Amino acid sequence: MKIYPNPATKFLNVRFSKTQRGFLFLFDLAGKCILKSSIHNQSHVRVSVNGLEAGEYTLQVDGSNHKVVVS
């Protein structure tokens with residue numbers, strides 16, 4: 001999985017090596033779910049981070065966690 005740009009300002013792109021199904025979650029540092037999005041046989045997802053406060057977030061896809069930064 002490739003996540004870019006990181007840090008992000010308006011959008012965060014998540015590219016998978018093969019089509020993916022399931023859910024994408026974005027959590028703040030307190031563990032609160034900020035965003036939940038369905039993934040339906042997609043190899044690329046674009047997530048809007050516009051309007052989020054600058055800081056660190058955890059992106060969770062298919063049970064794996066990735067640190068992302070919003071600036």
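Quick note: structure is the one above.
Predicted model, so just to flag it, every value in this text is computed and none were measured.

Visitor: In this structure, what is going on with the overall build of the protein chain? I would like to understand it.
Guide: Assigned secondary structure in the protein chain consists of 0 helices and 5 strands. Each helix and strand of the protein chain, ordered N terminal to C terminal, gives the series β-β-β-β-β. Computed over its C-alpha atoms, the radius of gyration of the protein chain comes to 11 Å, within 12% of the 11 Å expected for a compact globule of 71 residues. Across the 71 residues that make up the protein chain, the buried fraction comes to 27%. Taking contacts inside the protein chain between residues at least 6 apart in sequence as the whole, the part at least 24 apart equals 49%. Per element, the accessible surface of the protein chain, about 4600 Å² overall, is 47% carbon and sulfur. Put simply, the protein chain has 9 plus and 4 minus side-chain charges, and the middle of one group is 12 Å from the middle of the other.

Visitor: I keep staring at the side chain of glutamine 20 and nothing clicks. Help me out?
Guide: Position of glutamine 20 relative to the elements: it lies in strand 2 (residues 11-27). Excluding anything up to four places from it in sequence, glutamine 20 contacts Ile39, His40, Asn41, Gln42, Val61 and Asp62.

Visitor: Would you take a moment to explain unusual backbone geometry for this structure?
Guide: One can expect most non-glycine residues to show negative phi and most peptide bonds to be in trans. Cis geometry is adopted by the peptide bond preceding proline 5, which originates at tyrosine 4 and carries an omega value of -15°. Within the secondary structure, proline 5 sits in the loop between strand 1 (2-4) and strand 2. Residue proline 7 is reached from asparagine 6 by a cis peptide bond, and omega for that bond is 20°. Assignment of secondary structure puts proline 7 in the loop between strand 1 and strand 2. Look at asparagine 41: it is not a glycine, yet its phi comes out positive at around 50°.

Visitor: Is there a simple way to explain the packing of aromatic side chains in this structure?
Guide: Geometry of an aromatic ring pair is reported as the spacing of the ring centres plus the angle between the planes. A complete count under the given rule lists 2 aromatic pairs for this structure. Their ring planes at 35° and their centres at 6.2 Å tell us that phenylalanine 23 and phenylalanine 25 sit as a pair that is tilted. Overall, the relative accessible area of 41% leaves phenylalanine 23 in the partly exposed class. Among the residues examined, phenylalanine 25 registers a relative accessible area of 22% and is labelled partly exposed. Between phenylalanine 25 and phenylalanine 27, the aromatic rings sit 6.0 Å apart at their centres with planes inclined by 25°, giving stacked as the arrangement. Of the aromatic side chains, those joined through ring pairs into one cluster are Phe23, Phe25 and Phe27.

Definitions and cut-offs
- Residues numbered from 1 in each chain as written.
- Predicted model: local features only at pLDDT ≥ 70, side-chain atom pairs only at ≥ 80, totals over all residues.
- Heavy atoms only, no water.
- Helix = DSSP H or I, 4+ residues; strand = E, 2+ residues; numbered from the N terminus.
- Rg over C-alpha atoms; globule rule 2.2 N^0.38 Å.
- Buried < 20%, exposed > 50% of the residue type's maximum accessible area, 1.4 Å probe, protein only.
- Contact = heavy atoms within 4.5 Å.
- Areas by Shrake-Rupley, 256 points an atom, 1.4 Å probe, with all protein chains shown as cover.
- Lys, Arg positive; Asp, Glu negative; His and termini not counted.
- Charge placed at Lys NZ, Arg CZ, Asp CG, Glu CD.
- Phe/Tyr/Trp six-rings, centres within 6.5 Å; stacked < 30°, edge-to-face > 60°.

Scope: geometric values only; no functional claims are made or implied.
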